[in-house]
Amino acid sequence: MSEQPRVFGGRYRVIATIGRGGMADVYLAADERLGRRVAIKVLRSDLARDPVFLSRFRREAQAAAGLNHPRIVAVYDTGEQVTGSGAAELSLPYIVMEYVDGTTVRDILREGRPLLPDRAMEIVGGVLEALDYSHRNGIVHRDIKPGNVMLTTTGEVKVMDFGIARALADSSATMTGASTVMGTAQYLSPEQARGDVVDARSDLYSTGVLFFELLTGRPPFTGDSPVAIAYQHVSEAPVRPSQVDPRVPPAADAITMKALAKSPTARYQSAAEFAADLRRAARGVPVSAAESAGRVRSATTRRGGEVAAVGAGGGGSRIRGNGGTPGQIGALPLTDERPQRSGVNARPIVWAVVLLSVGIAIAATAWLVNGLFGFGQGVRVAVPDLGGLALATAEQELLTRGLVLGTVTPENSDRPPNTVLTQNPLPGTALDPGQSVALTVSAGREQVTVPPLVGLLSIADAQRALAEFGLVLGTVTEVDGDPPAGRVLSSVPAAGSVVDPASRVDIEVANGLVEIPNVVGRKGEGARRILQTAGFVVETVEIEDASVAPQTVLSQFPEPGGTRPSGSRITITVAIPPAGIAPTSPVDPSPGVPTPEATGQPTPAPTPVPTPVPTPVPTDLGPSQPAG
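What you are looking at is a predicted structure, and each value in this text was computed from that prediction instead of being measured.

A.B. asks: Explain the overall build of the protein here, please?
C.D. replies: Within the protein one finds 17 helices and 26 strands. Of all intrachain contacts in the protein linking residues separated by at least 6 positions in sequence, the fraction that spans at least 24 positions is 65%. Put simply, the protein shows about 32600 Å² of open surface, and 54% of that area lies on carbon and sulfur atoms.

Below you can see the structure in the form of structure tokens.
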């Protein structure tokens, strides 16, 4: 990254690089518009040059952005950053995500020690909460692995990269390509490794692999190459976690082995079912996986010269932490501090390796012969061409051929809703009866949601906000409203409305004019305060008038009721006593009787007091009498 700060989308300023991977670089950035920290994942340049991937990435990122759950790292925004110029110009797609202050489970597992069973169950339970929500909303993650599970500083679990894995998978990524599948072969489900149709149960298998690794410190299958590991997922039975670490409780053994069943129908059928077994194990209640393991032996393994059933452990054991209460999850040490085993006798390991190698060779031969010549598969069915059919008609067509409807993925198009657009496998592919066919159906024309505009401070801000959602600013109407001029007061359609892309959105903005309040009859100081609060500059003119109380407003200009821009000058005329007449002291009102100022009414003129007429003095009173 350049030493100069980089800004994505005109608002996300890069602070630091926080991760690099085979698919993307991740940066810590500041959202300068909303004032918060975010994480930005910028896709690799080779993926950015693939127009098919770009289209799928945009669609899947929009779907992931609709997931709102406390166990899922939120997607805030997507975009493309143009770099270079001319022939070297490249548009790099990026997504803006919630920044999680914490670490990944992968970083914890790198320490090489297993977690305590209670803590492993708590982490997997959080992953299953996220998957249960996403599966109910029609989104399969496809890449559950320790690197995609975050633990916050408070211990909460958050799953990330919903939608990205789907976009990669839909771009026909294979184990031999340069995609991230190369790096995640240890967590592939058997159907992913075979290239078959994938549904929600594939995520549950990957979660089972994660649970195995949390309990034992290593994944169930390892190898020299991704192809070798994927082959084991398809054809090799995993050992029980307790065979790697005998301190793993039987209930955890049973849950893990059910999640790792090769056939999707033998696994947990939903994330909620998987999570329910974890809760039973935490309470010390027998788990459903133990019951199914007693009926179906999922695999066998060599142990002490005898063949023992894998996954048949009892389900009644309590899973405890160090000094923890049975069934209590949380507030536990993160890793198992018990000493690691050492001094293992090498001879049984050598024999196990020899036997495993022979088994792999035999199974590989059988698998290849079976795949090439179809031995043991019976009559196979050709997948019909379902393109253009209504979903209900396509499902009926599959049933008549002995096939079933698999995952149905909606995709925006101009075709009528629920019309089949694509299918997997393609028409003519031979399948065994009972296998599923995944369909992509039309969801109708793509629509967008009108963003909130009310409160934005300018027309330009509203135009930018609409452009981010692919909408166009329509008619702008100025109406009386508080300043600043241009502040958005309303929009049509309103925020939250669902409309077609490129739709026009009309807005009303404030013209910045303020209504002039009526202050005639009020006392001068109160009148000035009212006008100043409204945003006006007040000029006072005084005239002599004995008919009203001093400082009473006699008139104002401009007259009340009109409008003027904020900051305009308003002139008020107030009364002062005539020269030579002392102002009358105000009389305190009687208790409980409001003054005219308190009621907002004009002050009444004082009642004139009649001047007393002097009595005339007579002038001819005669001789004065002596005082007597």
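A.B. asks: Explain the nonpolar core here, please?
C.D. replies: Nonpolar side chains in soluble globular proteins generally cluster together in the buried interior. Of all hydrophobic cores here, the largest spans 44 residues; its most connected members are Leu-128, Phe-162, Phe-211, Leu-214, Ile-255 and Phe-274. Elements with a contribution of two residues or more to this core: helix 3 (105-109), helix 4 (117-136), strand 8 (149-152), strand 9 (157-159), helix 7 (200-216), helix 10 (250-259) and helix 11 (271-283). Top contributing element to this core by residue count: helix 4, with nine residues. If sequence neighbours within four positions are ignored, Phe-274 has contacts with Val-124, Leu-128, Leu-204, Thr-207, Gly-208, Ile-255, Ala-259 and Tyr-268.

A.B. asks: How should the packing of helix 10 against helix 11 be read in this particular structure?
C.D. replies: Geometry of a packed helix pair, given as the angle between the helix axes and the separation of the axes. Viewed as axis vectors pointing N to C, helix 10 and helix 11 meet at an angle of 170 degrees, and their least axial separation amounts to 10 Å. Judged on the interaxial angle alone, helix 11 and helix 10 are roughly antiparallel. Only Glu-273, Phe-274, Asp-277, Leu-278 and Ala-281 of helix 11 make contact with helix 10, whose side of the interface consists of Ala-251, Ile-255, Lys-258 and Ala-259. Its residues assigned to classes, the contact of helix 10 with helix 11 shows six nonpolar, no polar and three charged.

A.B. asks: Got a minute to help me understand the pattern of salt bridges in this structure?
C.D. replies: Two side chains bearing opposite charge may form a pair once their charged atoms approach each other closely. Under the definition given, this model contains 23 salt bridges. In this structure, the salt-bridge partner of Glu-98 is Lys-158, at a minimum N-O distance of 3.3 Å. Here Lys-158 lies in strand 9 and Glu-98 lies in strand 6 (residues 90-98), a separation of 60 residues in the sequence. Across the salt bridge formed by Arg-194 and Asp-196, the nearest N and O atoms sit 2.9 Å from each other. Each of Arg-11, Asp-31, Arg-33, Arg-36 and Glu-468 takes part in one network of salt bridges that share partners.

A.B. asks: How should the environment of Ala-390 be read in this particular structure?
C.D. replies: Examined against the element boundaries, Ala-390 turns out to sit in the loop between strand 12 (381-382) and helix 14 (391-400). C-alpha of Ala-390 to C-alpha of Leu-421: the two residues are 31 residues apart in sequence and 9.7 Å apart in space. Those residues in contact with Ala-390 that lie beyond four places of it in its chain are Asn-418 and Val-420.

A.B. asks: Would you take a moment to explain helix 4 for this structure?
C.D. replies: One full turn of an α-helix is made of 3.6 residues, so residues set three or four places apart face in the same direction. Between its first and last C-alpha, helix 4 extends 28 Å over 20 residues, near the 28 Å set by a 1.5 Å rise per residue. Burial analysis of helix 4 places 16 of its 20 residues in the buried class, the great majority of the element. Where helix 4 terminates, the next one or two residues include Gly-138, which has phi positive at roughly 80 degrees.

A.B. asks: Just to check I follow, could you spell out the sheet that holds strand 9 for this structure?
C.D. replies: Taken in spatial order, the three strands make up an open sheet running 7-8-9, and their pairing is antiparallel. Where the open sheet ends on each side, the last strands, each with one partner, are strand 7 (102-104) and strand 9. Pairwise comparison of adjacent strand axes, ignoring direction, gives a mean angle of 30 degrees for this sheet. Where strand 8 and strand 9 come together, three bridges link them in antiparallel fashion. The residue of strand 9 that forms the bridge with Val-149 is Val-159. Here helix 4 sits on the sheet and contacts strand 8 and strand 9; the angle it forms with strand 9, its principal contact strand, is near 40 degrees.

A.B. asks: Help me understand the packing of aromatic side chains in this model?
C.D. replies: Enumeration according to the criterion identifies three aromatic pairs in this entry. Here Phe-8 and Tyr-27 contribute two aromatic rings whose centre-to-centre distance is 6.3 Å and whose plane-to-plane angle is 25 degrees, an arrangement assigned as stacked. Taken together, the residues span a long stretch of sequence, with Phe-8 in strand 1 (residues 7-8) and Tyr-27 in strand 3 (residues 24-31) at a distance of 19 residues. A relative accessible area of 0% means that Phe-8 is categorised as buried. With relative accessibility at 4%, the residue Tyr-27 sits in the buried group. The interplanar angle of 15 degrees and the centroid separation of 4.7 Å between the aromatic rings of Tyr-268 and Phe-274 together place this pair among those described as stacked. Put simply, the rings of Phe-8, Tyr-27 and Tyr-94 pair up and form one aromatic cluster.

A.B. asks: Got a minute to help me understand helix 10 in this structure?
C.D. replies: Along helix 10, nine of the 10 residues are buried, which leaves the element largely enclosed by surrounding structure. Inspection of helix 10 places Ala-251, Ala-252, Asp-253, Ala-254, Ile-255, Thr-256, Met-257, Lys-258 and Ala-259 among the buried residues, and these make up the whole buried set.

A.B. asks: Looking at this structure, how should I read the pairing of strand 3?
C.D. replies: Consecutive side chains of a regular strand alternate in pointing toward one face of the sheet and then the other. Burial analysis of strand 3 places seven of its eight residues in the buried class, which makes it a mostly covered element. Two elements, strand 2 (residues 12-20) and strand 3, share seven bridges in a ladder whose sense is antiparallel. Note on strand 3: the bridge partner recorded for Thr-17 is Tyr-27. Summarising the sheet, strand 3 and strand 4 (residues 36-43) pair through eight bridges and their orientation is antiparallel. If you follow Asp-31 over to strand 4, its bridge partner there is Arg-36.

A.B. asks: Just to check I follow, could you spell out the sheet that holds strand 26 (residues 569-576) for this structure?
C.D. replies: The strands making up a sheet are joined through hydrogen bonds of the backbone, oriented either antiparallel or parallel. Pairing within the open sheet is mixed, and its three strands lie in the order 23-26-24. Of all strands in the sheet, those with a lone pairing partner are strand 23 (537-544) and strand 24 (553-557), marking the two edges. Looking at each pair of strands side by side, their axes are set apart by 20 degrees on average, direction ignored. Where helix 16 (residues 524-533) meets the sheet, its contacts fall on strand 23, strand 24 and strand 26, and the angle it forms with strand 26 comes to roughly 170 degrees.

A.B. asks: What should I look at first to understand unusual backbone geometry in this one?
C.D. replies: Apart from glycine, the bulk of residues carry a negative phi angle, and the bulk of peptide bonds sit in the trans form. Backbone torsion omega between Val-492 and Pro-493 reads 0 degrees, so that peptide bond is classified as cis. In this model, Phe-557 is joined to Pro-558 through a cis peptide bond whose omega is -5 degrees. For Pro-558, the location among the structural elements is in the loop between strand 24 and strand 25 (563-565). One non-glycine residue with positive phi stands out, namely Arg-142, at about 80 degrees. Relative to the assigned elements, Arg-142 resides in the loop between helix 4 and strand 8. Classification of Arg-142 as buried rests on a relative accessible area of 17%.

Rules used throughout
- Residues numbered from 1 in each chain as written.
- Predicted model: local features only at pLDDT ≥ 70, side-chain atom pairs only at ≥ 80, totals over all residues.
- Heavy atoms only, no water.
- Helix = DSSP H or I, 4+ residues; strand = E, 2+ residues; numbered from the N terminus.
- Contact = heavy atoms within 4.5 Å.
- Areas by Shrake-Rupley, 256 points an atom, 1.4 Å probe, with all protein chains shown as cover.
- Core = buried A, V, L, I, M, F, W, Y, C linked by side-chain atoms within 4.5 Å.
- Buried < 20%, exposed > 50% of the residue type's maximum accessible area, 1.4 Å probe, protein only.
- Axes fitted to C-alpha atoms, helices over the stretch in contact; angles between N-to-C directions.
- Parallel < 35°, antiparallel > 145°, perpendicular 65-115°, else oblique.
- Nonpolar A, V, L, I, M, F, W, Y, C, P; charged D, E, K, R; others polar.
- Salt bridge = Lys/Arg side-chain N within 4 Å of Asp/Glu carboxyl O.
- Expected span 1.5 Å × (residues − 1).
- Pairing = 2+ DSSP bridges.
- Phe/Tyr/Trp six-rings, centres within 6.5 Å; stacked < 30°, edge-to-face > 60°.

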